[in-house]
Amino acid sequence: MSRFHHTQLSNGLNVIAERVDHARSISAGFFVKTGSRDETPSIAGISHFLEHMAFKGSDKRDALAVNRDFDKVGAKHNAQTSEEDTVYHFTSLPEYLPPAFEVLADIMRPKLDATDFDVEKQVILEEIKMYMDNAMSVAYEAARELHFTPHPLGRSVLGTLESVGALTIEEMRDYYARRYGPSNIVLAFSGRIDWPALVDLAAERCGDWTGVEAKRVTPPAKGTGKFRVIERAEDNQQSVVMIADAPSLESPDRYAAQLLATALGDHTGSRLYWTLIDPGLADGAEVSYQDYNQAGAFYTFLGCDPAEAEANIQKVVDVYKKVRDEGIASDELEVVKNKVLSRSVLRGERPMGRLMSIGFTWSYRREYIPLETEIEAFQRVTPADVKRVLEEWPQPPMTITTVGPKTSINPPDFS
């Protein structure tokens, strides 16, 4: 019996599924290829706002009924919006898939009621204010804007108080009509599946969907390498976000980039951990790799005493310079591989973990990558591959934003 299945409905909706033999549950999700990079400054935050509005209900059921009908069958449901995607998903027992899927498919064609819009706008505005109270969130948003602008990846997922406050229900309905056509959506399943039954279910609930073909402009992204200090006198810590360019999700070097980020700034046992965390110089110092559609970024997050911020930023840069000059030895790379592979396997044991992997991969690569293939790709990475990533996507230099009470912070020495 085949493990992976794919079909396309006549309206353009791609339907995929991965059979997981050991699973006792099933996960399903709609992957909409739309996010903050598909917005304009005047409607910044509309993708995330629209995600909220989907759960306010359809012509068939209101918000209370949406939650009630998911709860009836014990389905765990949620959604998320990023720079590039909006994903709606649930996990349930296989026998309750049809009623749970009916609810999820229903909210994908939301009512977008004007009264609900006005109420939910206040919720979004409060959410933005909550993140504005978080220093690291402020640093992250400011660093992304500084690094990417004018590239659309520099736009905030949440939007701003001004942009969200000015949004109208007509603008949301127009955005929905332009971005939520079936050809811009992938429907994915993972777990204990019955493929013929899934195809029938998708056709029954989604076969009559219509919509225009959505377009996305993917200009090359090149970081600015600028340095910025933002004062927040009330903070007790200095928050720092550093961004460097990295391989895109289409690049085969994404595996080496992930291993490099783990070696540099994993939350335990990484180079930044031993340089800053273990000796007590910083409260947090981590590196993550984010692959985007035709772009990528290495993110470094640092939180420390304001008096130590300038010295610690230089220590981070010095760690990166050492790796740039010397690369990573085989034994260190082996340890990092074990970390990444263990996490991949643990995540892959859950249908939801596999759902996210196969959904995003099909959305952007029109390719199915089994967990075993992903593991093999990480295992094939050599020190020379990591060295090539360091040469083609060097860090330093990088874009740096620091937020906190100390403003007299000088840029680090990248030489």
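Residues numbered from 1 in each chain as written. Predicted model: local features only at pLDDT ≥ 70, side-chain atom pairs only at ≥ 80, totals over all residues. Heavy atoms only, no water.

Novice: Can you walk me through the environment of R366 in this structure?
Specialist: With respect to the helices and strands, the residue R366 is situated in the loop between helix 13 (351-365) and helix 14 (371-380). Between the C-alpha atom of R366 and that of N14, which follows or precedes it by 352 residues, the distance is 9.7 Å. Among residues more than four places away in sequence, those in contact with R366 are N14, V186 and T361. Engagement of the side chain of R366 in a polar contact is seen with the backbone oxygen of S363, the distance being 3.4 Å. (Helix = DSSP H or I, 4+ residues; strand = E, 2+ residues; numbered from the N terminus. Contact = heavy atoms within 4.5 Å. Polar contact = N/O pair within 3.5 Å; in protein donor to acceptor, adjacent residues only side chain to side chain.)

Novice: Even after reading the chapter, I still don't get the side chain of E83, so can you show me in this structure?
Specialist: Along the chain, the position of E83 falls in the loop between strand 4 (76-81) and strand 5 (86-92). Here the side chain of E83 touches R144 through a polar contact of 3.3 Å, side chain to side chain.

Novice: What's the story with the sheet that holds strand 7 (residues 227-231) in this structure? I'm lost.
Specialist: Across a sheet, paired strands are connected by hydrogen bonds in the backbone, their directions being either parallel or antiparallel. Strands sit in the order 7-11-8-10-9 across an open sheet of five strands; the sheet is mixed. This sheet does not close on itself; its edge strands, each paired only once, are strand 7 and strand 9 (284-292). Taken pair by pair, the neighbouring strands of this sheet meet at an average axis angle of 15°, ignoring direction. Of the pairings in the sheet, the one linking strand 7 to strand 11 (residues 399-404) comprises five bridges and is parallel in character. Across the sheet, residue R228 finds its bridge partner in strand 11, namely T401. Sitting on the sheet, helix 9 (residues 254-265) touches strand 9 and strand 10 (295-304), and the angle it makes with strand 9 is about 170°. Across the sheet, helix 11 (residues 309-326) touches strand 8 (238-245), strand 9, strand 10 and strand 11, and the angle it forms with strand 10 is around 140°. (Pairing = 2+ DSSP bridges. Axes fitted to C-alpha atoms, helices over the stretch in contact; angles between N-to-C directions.)

Novice: What is the right way to look at the pairing of strand 4 in this model?
Specialist: Pairing between strand 4 and strand 5: six bridges, direction antiparallel. Counted as the bridge partner of Q80 is V87 from strand 5. Hairpin connection of strand 4 to strand 5: four residues between the antiparallel strands.

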